[in-house]
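# Geometric and topological summary
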Amino acid sequence: MINWTYIFLLSLIAIGGFTASVYESFALKKMLPIGTYFSRNGLMNIIGGFVAVLSLITSVFLNPWWTIFIIFFIAWVFSPILIKTFKSFSQLLSVILMLIGIILIIIQILSGK
């Protein structure tokens, strides 16, 4: 059975991770400022990709295996929209999304729902 709460929370995490990992390439095309942690081989660039992949892997354990494609598609669509909408503020927003998503998914899992 599909738990849509998990899909929503894992999508938040994946959107934040994708945004953090691809921000530099979007920023270079749009001439946006790039923070130190988001630059090439920066800390958030690497952590964002790692967190995004972990959210996809986690979906396999919490929902049917094919929900990984739903989460990937949602993150793939909304990550560029987030960057185009919020511009350089999306750097901070990606970190906030990852942290809030991780905290909420832990609370959800521990509560057993």
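Refer to the preceding data block for the structure.
Residues numbered from 1 in each chain as written. Predicted model: local features only at pLDDT ≥ 70, side-chain atom pairs only at ≥ 80, totals over all residues. Heavy atoms only, no water.

Let's shift gears to the packing of aromatic side chains. With the rule as written, the count across this model stands at five aromatic pairs. Each ring, one from Tyr-23 and one from Phe-38, has its centre 6.1 Å from the other, and the planes form 75 degrees; the classification is edge-to-face. Here Tyr-23 is found in helix 1 (residues 4-30), whereas its partner Phe-38 is found in the loop between helix 1 and helix 2 (43-62), with 15 residues between them in sequence. The exposure class assigned to Tyr-23 is buried, which follows from its relative accessible area of 0%. For the pair Trp-65 and Phe-69, a centre-to-centre distance of 6.1 Å together with 80 degrees between the ring planes defines the contact as edge-to-face. Summarising the burial analysis for this pair, Trp-65 and Phe-69 share the class exposed. (Phe/Tyr/Trp six-rings, centres within 6.5 Å; stacked < 30°, edge-to-face > 60°. Helix = DSSP H or I, 4+ residues; strand = E, 2+ residues; numbered from the N terminus. Buried < 20%, exposed > 50% of the residue type's maximum accessible area, 1.4 Å probe, protein only.)

What follows is about a nonpolar patch on the surface. Residues Phe-50, Val-53, Leu-54, Ile-57, Val-60, Phe-61, Trp-65, Trp-66 and Phe-69 make up a contiguous nonpolar surface patch of about 990 Å² in total accessible area. Looking at the nonpolar patch element by element, the count peaks at six residues for helix 2. Note on placement: Val-60 falls in helix 2. (Patch = residues over 30% accessible without salt bridge, like charges linked within 9 Å, V, L, I, M, F, W, Y side chains within 5 Å. Areas by Shrake-Rupley, 256 points an atom, 1.4 Å probe, with all protein chains shown as cover. Salt bridge = Lys/Arg side-chain N within 4 Å of Asp/Glu carboxyl O.)

Our next topic: a positive patch on the surface. Taken together, the side chains of Lys-29, Lys-30, Lys-84 and Lys-87 present a region of like positive charge at the surface. Relative to the elements of secondary structure, Lys-30 occurs in helix 1. (Lys, Arg positive; Asp, Glu negative; His and termini not counted. Charge placed at Lys NZ, Arg CZ, Asp CG, Glu CD.)

Let's shift gears to the nonpolar core. Judged by nonpolar contacts, the single largest core of 26 residues is most densely connected at Tyr-23, Ile-71 and Ile-105. Contributing elements (two or more residues each) for this core: helix 1, helix 2, helix 3 (67-86) and helix 4 (90-111). Looking at this core element by element, the count peaks at twelve residues for helix 1. Here Ile-71 is in contact with Ile-7, Leu-10, Ser-11, Ala-14, Leu-56 and Ser-59, once residues within four sequence places are set aside. (Core = buried A, V, L, I, M, F, W, Y, C linked by side-chain atoms within 4.5 Å. Contact = heavy atoms within 4.5 Å.)

For helix 3, which comprises 20 residues, the first-to-last C-alpha distance of 28 Å matches the rise-based estimate of 28 Å (1.5 Å per residue) to within 8%. Residues of helix 3 that are buried: Thr-67, Ile-71, Ala-75, Ser-79, Leu-82 and Ile-83. Those residues of helix 3 that are buried lie in contact with helix 1, helix 2 and helix 4. At the C-terminal side of helix 3, Lys-87 shows a positive phi close to 50 degrees. (Expected span 1.5 Å × (residues − 1).)

Let us now look at the packing of helix 1 against helix 3. The contact between helix 1 and helix 3 brings their axes to 7 Å, and the two run at 45 degrees. In terms of orientation, helix 1 lies oblique with respect to helix 3. In this structure, helix 1 crosses over helix 3, and the sense of that crossing is right-handed. (Axes fitted to C-alpha atoms, helices over the stretch in contact; angles between N-to-C directions. Parallel < 35°, antiparallel > 145°, perpendicular 65-115°, else oblique. Left-handed = near helix turned anticlockwise from the far one by under 90°.)

Moving on, we get to the side chain of Ser-11. Topologically, Ser-11 is positioned in helix 1. Owing to a relative accessible area of 5%, Ser-11 belongs among the buried residues under this scheme. For Ser-11, the residues in contact, after removing those within four places along its chain, are Ile-71 and Ile-74.

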